[in-house]
Amino acid sequence: MGMPINFRQLEVFRAVAETKSFTRASHVLFISQSTVSQHVRELEDSLKVELFVRNRRNVGLSPAGENLLEHSRNIFRLLEEAETEVKTAKDPYCGKLAFGCASTTLLYHLPSILMEYTQKYPNVELTITGGTIQEIGTQMWSGGLDLALVVLPFNSAALEKIVVFEESFVGVLAASHPLARKTQLKISDLAAERFILPRRGQNTRKLIDRFLFNEKITPRVAIELAEAEAIKAMVARGLGVSLLPESAFSTDNKSLRIKTFPIPRQALRRTLAIVYPKPRPLRPAALTLIELLQQHFHTKPPAR
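Residues numbered from 1 in each chain as written. Predicted model: local features only at pLDDT ≥ 70, side-chain atom pairs only at ≥ 80, totals over all residues. Heavy atoms only, no water.

### Some words on the nonpolar core
Moving on, step 1. With 44 residues, the main nonpolar core has Leu97, Tyr117, Leu289 and Leu293 as its most contacted residues.
Moving on, step 2. The greatest single-element share of this core, amounting to six residues, is contributed by helix α9 (residues 284–296).
Moving on, step 3. Residues within four places of Leu293 in sequence aside, it is in contact with Phe99, Leu110, Ile113, Leu149 and Ile274. (Core = buried A, V, L, I, M, F, W, Y, C linked by side-chain atoms within 4.5 Å. Buried < 20%, exposed > 50% of the residue type's maximum accessible area, 1.4 Å probe, protein only. Helix = DSSP H or I, 4+ residues; strand = E, 2+ residues; numbered from the N terminus. Contact = heavy atoms within 4.5 Å.)

### Some words on the confidence of the model for the chain
Moving on, step 1. Averaged over all residues, the pLDDT of the chain equals 84, while 90% of them reach at least 70.
Moving on, step 2. When pLDDT is averaged over each element of the chain, strand β7 (residues 194–198) comes out on top at 95 and helix α4 (residues 63–90) at the bottom at 77. (pLDDT = per-residue confidence, 0-100.)

### Re the side chain of Ser242
Moving on, step 1. Within the secondary structure, Ser242 is located in strand β9 (residues 242–245).
Moving on, step 2. Given a relative accessible area of 0%, Ser242 falls into the buried group.
Moving on, step 3. Within the local environment of Ser242, its side chain forms a polar contact with the backbone oxygen of Ile196, the two atoms lying 2.6 Å apart. (Polar contact = N/O pair within 3.5 Å; in protein donor to acceptor, adjacent residues only side chain to side chain.)

### So, helix α5 (residues 110–120)
Moving on, step 1. Residues Leu110, Ile113, Leu114 and Tyr117 constitute the buried set of α5. Each buried residue of α5 lies within a common arc of 90° when the element is viewed along its axis, so the set occupies one face. Pointing more than 90 degrees away from the buried face of α5 are the exposed residues Pro111, Met115 and Gln119.
Moving on, step 2. The inward-facing, buried residues of α5 abut β3 (95–101), β4 (124–130), β5 (147–151) and α9. (Arc of directions from axis to C-beta.)

### Quick word on α9
Moving on, step 1. Between the first and last C-alpha of α9 there are 18 Å, a value that for 13 residues agrees with the 18 Å anticipated at 1.5 Å per step.
Moving on, step 2. The element α9 is extensively covered by neighbouring structure, given that 10 of its 13 residues are classed as buried.
Moving on, step 3. Looking only at α9, the buried set comprises Ala285, Ala286, Leu287, Thr288, Leu289, Ile290, Glu291, Leu292, Leu293 and Gln294.
Moving on, step 4. In this fold, the buried residues of α9 make contact with β3, α5, β4, β5, β6 (159–174) and β11 (269–277).
Moving on, step 5. Two residues or fewer after α9 comes His298, characterised by a positive phi angle close to 60°. (Expected span 1.5 Å × (residues − 1).)

### Here we look at the packing of α5 against α9
Moving on, step 1. For the pair α5 and α9, the least separation of the axes is 10 Å and the interaxial angle reads 140°. Relative to α9, the element α5 lies oblique. For the element pair α5 and α9, the recorded crossing hand is right-handed. Counted together, Leu110, Ser112, Ile113, Leu114, Glu116, Tyr117 and Lys120 of α5 and Ala285, Thr288, Leu289, Leu292, Leu293 and His296 of α9 form the full contact between these two elements.
Moving on, step 2. Considering only residue class, the contact of α5 with α9 consists of eight nonpolar, three polar and two charged. (Axes fitted to C-alpha atoms, helices over the stretch in contact; angles between N-to-C directions. Parallel < 35°, antiparallel > 145°, perpendicular 65-115°, else oblique. Left-handed = near helix turned anticlockwise from the far one by under 90°. Nonpolar A, V, L, I, M, F, W, Y, C, P; charged D, E, K, R; others polar.)

### What about the pairing of β6?
Regular strands show a simple pattern: their side chains alternate between the two faces of the sheet.
Moving on, step 1. Of the pairings in the sheet, the one linking β6 to β11 comprises nine bridges and is antiparallel in character. Of the residues in β11, the one forming a bridge with Glu167 is Arg270.
Moving on, step 2. Two elements, β6 and β9, share four bridges in a ladder whose sense is antiparallel. Across the sheet, Gly171 pairs through a bridge with Leu243, a residue of β9.
Moving on, step 3. As paired elements, β6 and strand β10 (residues 258–262) share five bridges and run antiparallel to each other. (Pairing = 2+ DSSP bridges.)

### Regarding the pairing of β11
Moving on, step 1. Across the nine residues that make up β11, a large majority, seven, are buried.
Moving on, step 2. Sheet analysis places β5 next to β11, joined by four bridges and oriented antiparallel. Its bridge partner being in β11, Ala148 is matched across the sheet by Val275.

### A look at the side chain of Gln9
Moving on, step 1. By the element assignment, Gln9 lies in helix α1 (residues 7–19).
Moving on, step 2. Owing to a relative accessible area of 6%, Gln9 belongs among the buried residues under this scheme.
Moving on, step 3. The residues contacting Gln9, other than those within four sequence positions of it, are Pro4, His39, Glu42 and Leu43.

### Examining unusual backbone geometry
A negative phi angle is the norm for most residues apart from glycine, just as the trans form is the norm for most peptide bonds.
Moving on, step 1. Between Leu152 and Pro153 the backbone carries a cis peptide bond, its omega angle lying at 10°.
Moving on, step 2. Take Pro153: it is sitting in the loop between β5 and β6.
Moving on, step 3. Look at Lys48: it is not a glycine, yet its phi comes out positive at around 60°.
Moving on, step 4. Here Lys48 shows up in the loop between α3 (33–47) and β1 (52–54).
Moving on, step 5. Overall, the relative accessible area of 66% leaves Lys48 in the exposed class.
Moving on, step 6. Even without glycine at this site, Lys216 takes up a positive phi of about 60°.
Moving on, step 7. In this structure, Lys216 sits in the loop between α7 (203–214) and β8 (220–225).
Moving on, step 8. Under the relative-accessibility criterion, Lys216 is labelled exposed at 75%.

Right under this line is the structure:
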């Protein structure tokens, strides 16, 4: 029988698997490449399987390696949970809290909330992850996130949802655009323009596409970008027009030379919600963050 697997071997294996490189793994772990290779070799010898498929460009996982990677992530997650549980028995407001954010425009809301949270609870190690709704979903289902702020819809029977905010959209064009001189603008005025929109796959884009379809507008989409700030900058330079959530304009935009006009809320709006896995009871550190988010968005506090 081989030697039992140890945590250091698993840690090294996971670093190689996730970086797809022995060199990059050595940089991440601050150890030599030869030590990385030694740990992987010992692990493969112990298990009597090949964990990696090596070629010149990078390192891929064998089917056995894929299997072990999933188990190793679960093992380290359980270790983190055990550490957190033990620590929070003494102080409920400590340990790690992983928070996801699935929209760049939501980032306008977060800095003040997170600053208040970290000041109140300095012992909570709060990590923030951005990404698409798909990326946030994958991380949540794999146990990598405790809770997330997303744009609905986000359908899963395994997730609890708390709606915190509903916001309108605005039409956006450059202040120098001939249409900007009009006192009142309608979406139909922009029908022939070039559009700069959020990327396909984002829930915000799906809502915009549905709205334009209902308005019988087939947009000429010239540019697709993930970041609201980048869209605003492109619009300001006259490269196209856009539709963006109101929260993208919570900061001063005078310097950007942009004109906005309202879009009726009943025609286009988006709903923001906090989501978290159902089976896992929320810790006080997570409940308090939810309360802060609800206070910020002026919704009712959660039931304790």
